[in-house]
Amino acid sequence: MTPDYTLAEGCPYPQSTTSVQLRDGTGGGLVLLQDTQLIETLAHFSRERIPERVVHAKAAGAYGEFEVTHDCSDITSASFLNTVGKKTDVLLRISTVGPERGSADTSRDVHGWAMKLYTDEGNFDWVFNNTPVFFVRDPIKFPSMNRSHKRHPRTNMPDSDMFWDFHVGNPEGIHELMHLFSDRGTPASLRHMNAYSGHTYKFTKEDGSFKYVKVHIKTQIGVRNLDRETAVKLAGENPDFLVEDLFQAIEKGDYPVWDVYVQVMDPSEAETYKWNIFDMTKVWPHKDYPLRQIGRLTMNRNPRNYFTDIEQAAFSPGNMVPGIAPTADPMLQARMFAYADAARYRLGVNYQQLPTNHAKVPIYSPFQRDGFMNFTANYGDDPNYVGSTLKPTTYKTAGNGRRGGLSTLTEHEKWTGEVSSFTSEIGPEDYEQAADLWEVLGREPGHQDRFVGNVADHLSKGKSSKLRVMVYELFSRVNKDLGSRIRAATEEIAL
Ligand code: NDP
C-alpha cells in the first residue's frame, strides 16, 4: 500500500493516525519512545509557530502580475519597466498594522501593502500603505508610535488614552490621523482600496540622471469603505471579512485590478518646493504633480499554503533593482534597515532562500556562507573570501555592470553640515494638508459627520479628561469648528 504520509526523513509509515502501543490484553496499552512518528508529530507541533510580525501581523496575500502599460523609459532604466506589455510576477500581502494575527481585519487601522516583484534583475520589494502619509517623520519614534496603538502593558487591552497621548505629543501625525479616522480607515474590501508609496523614491537612468517619484496604486473598481457601525459588527461576525473577500473573489476569477501611477519631480524642483519632499507626513498635491500611469497590477492566484507563501514572505524596501533607488527620506532609510532585520529574526538569516522569497533570476549567487538553514545557495566550493588568486571568483552578475539599489552619486547625495539631533518641530504648515483633507471629506455627503463620530467614539473610550481637551485643541488647529464638533460628539457619547 502506498502510504499517505512519510516520516520527515521520507521513510514510509503506513499508520498516520495511530501511535504504536504495547497492548496488555485489556484494551489499553503503553506508548513507546521508539515510535518515531509519534515523537516527531508531537515535537513538530510544539514548534510550528514562528514569531508573529510585531507590526502587519494580520494579512491576506495573493499572486499576480504587474504589466507595463505606458512607456516610462524617459525616467527609469528598470528592466521590468522597459517595454510596454512586459509582465512581471508579483506577490502581494495586504495587512492591518497594529493588531495581532488573529485580530478582526475590519478594525480601524492603516492598511499595509507589500509587493515582491520577481523581476529579471532580482526581487524588487515595494511597500505601500492605503494612506499617502504617515504618523511620524523621525524613524526613532516608530516603535513608540506603534506601541501606543497596541495593548497597554498593565491592562493588556488597547488603550485610547495611550493612543491620544502619543499623538497629542507628536502632532506631526495630524494629517495621517485625518486619513485614519476618515472612512478610508475601514475599507469595505481590499479590492476597493488604493495604495500609496508615501516615501519618495528615485527613478534612475544609466546616464546617472534621476527623477524623484511617489507611487500611487488605484483600484479600478473604485474606493469603497465601511461605516463605523458596520465595521464593528463585522469584526464580531467575521473577523476575517477582508481576507475572505479577497480569497473568494480570486477563487471565482473576479480578479482585482489596480492601475499604477507615479508623480514625477525633477531634482531641481525639490530644492525649492514648498514642502520637504522627504517628509512622509506630506503629499505632493496633484495639481503640482499630476499622476502619470506606468502599469497595471492584477492579482489572479491564491496562495496554495498561507504559511509557506505569505507568512514566510519577507519584504524589505532595501531590495531594489537597477533603475530604482533610495532617497534621503529618513523613514525610508530606516525601513531599509528594519524590515530585513525583522525578517532575519523572524525567519532566520537565510530567509531569502525560502521559495516564496527566492529570486527568479538565471544566476543566483549571493556572496553569503553558511548560517542556519542554508539550503540553496552557499557559494559552492569557491574560496571563502573575495579576490582569491587560488581560484579567482567572478562576480556573477548579468555582466552589464548594472547594480541594484544604489545609484551613481549625484549632488543630492553629497552631504555637508553638522551632525545634530533631527528636529521634528511642528509648524503651521503641518496642519495645512490636514486642513486640505478636511475640505476633501466635505465633498462627499456625510463624510465630515462620520469623521467626527469616528474620532469621538475612539476618544470617549479614554479616561483622561485633560487629554480629551488636548485632542480637541489638536483638531481645532486643522479647522476651528472641527475641535468643537469633536468635543460636542464626545461629550454626548460620554454622558
Ligand atoms: P485633490 O484635491 O487633487 O484630490 C483629492 C484627493 O484626495 C483625491 O484625488 C483622492 O485621491 C483623495 N481622496 C478623495 N476622497 C478621499 C477620502 N475620503 N479620504 C482620503 N483621500 C481622499 O488633492 P490634493 O493633491 O490637492 O490633496 C488634497 C488632500 O487630498 C491632501 O491633503 C491629502 O490628504 C489628500 N490626498 C492627496 C493625495 C496626493 O497624493 N496628492 C493622495 C490621496 C489623498 P485618490 O484618487 O488617490 O483616492
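Being a predicted model, the structure only gives us computed values, none of them experimental.

**Student:** Teacher, can you tell me more about the pairing of strand 11 (residues 292-301) here?
**Tutor:** Here is the key point about a regular strand: its side chains alternate between the two faces of the sheet. As defined by bridge partners, strand 3 (residues 59-68) adjoins strand 11 across six bridges and the pair is classed as antiparallel. Directly across from Gly 64, in strand 11, lies its bridge partner Met 299. Sheet topology note: the strand 10 (residues 257-265)/strand 11 ladder contains six bridges and is antiparallel. Pairing of Val 257 across the sheet is with Thr 298, part of strand 11.

**Student:** In this structure, what is going on with the packing of aromatic side chains? I would like to understand it.
**Tutor:** The geometry of an aromatic ring pair comes down to the distance between the two centres and the angle between the two planes. If you walk through the whole model with that rule in mind, you get 19 aromatic pairs. With a centroid separation of 5.5 Å and an interplanar angle of 80°, the aromatic rings of Tyr 212 and Phe 278 are classed as edge-to-face. Of this pair, Tyr 212 sits in strand 9 (residues 210-219) while Phe 278 sits in the loop between helix 7 (267-272) and strand 11; the two residues are 66 residues apart in sequence, bridging distant segments of the chain. Look at Tyr 212 and you get buried, because its relative accessible area is 1%. The class for Phe 278 is buried, based on a relative accessible area of 16%. Considering the side-chain rings of Phe 451 and Phe 475, the 6.0 Å spacing of their centres and the 75° angle between planes classify their relative orientation as edge-to-face. Placement of Phe 451 in helix 11 (residues 447-459) and of Phe 475 in helix 12 (residues 465-476) is noted, with a sequence separation of 24 residues between them. Residue Phe 451 shares its accessibility class with Phe 475, and that shared class is buried.

**Student:** Explain the site of the ligand to me, please; I cannot follow it from the model alone.
**Tutor:** Of all residues adjacent to the ligand, which total 21 residues, the nearest are His 175, Arg 184, Tyr 196, Lys 218 and His 286. His 179 places a polar side-chain atom, nitrogen or oxygen, 3.0 Å from an oxygen atom of the ligand. Arg 443 places a polar side-chain atom, nitrogen or oxygen, 2.9 Å from an oxygen atom of the ligand. If the ligand stood free it would expose 770 Å²; the protein chains cover 82% of that surface. Listed by contribution, the elements that provide at least two residues to the shell around the ligand are helix 4 (174-180), strand 9 and helix 10 (429-441). Of the residues forming the shell around the ligand, the biggest block, five residues, is contributed by helix 10.

Definitions and limits used
Residue positions are counted from 1 within each chain, in the order its sequence is given. Local features in this predicted model are restricted to residues whose pLDDT is 70 or higher, and side-chain atom pairs enter the listing and the counts only when it is 80 or higher, whereas totals over whole chains, interfaces and linings include all residues. Side-chain figures throughout are based on the complete set of non-hydrogen atoms in the structure, without hydrogens or water. If DSSP finds at least two bridges between two strands, the strands pair. Every helix listed is a DSSP run of H or I at least four residues long, and every strand listed is a run of E at least two residues long, numbered separately from the N terminus. Working definition: a ring pair exists when centres of Phe, Tyr or Trp rings (six-membered ring for Trp) sit within 6.5 Å. Plane angles under 30 degrees give stacked, over 60 give edge-to-face, the rest tilted. The rule is simple: take the accessible area with a 1.4 Å probe, protein chains only, and divide by the maximum for that residue type; under 20% is buried, over 50% is exposed, in between is partly exposed. One heavy atom within 4 Å of a molecule or strand is enough for the residue carrying it to be called near that molecule or strand. Under this definition, polar contacts are N or O atom pairs within 3.5 Å; protein pairs additionally need one hydrogen-donor-capable and one acceptor-capable atom, and for neighbouring residues in sequence, both atoms have to be side-chain atoms. Only the protein chains shown count as cover for residues, with accessible areas throughout obtained via the Shrake-Rupley method and a probe of 1.4 Å.

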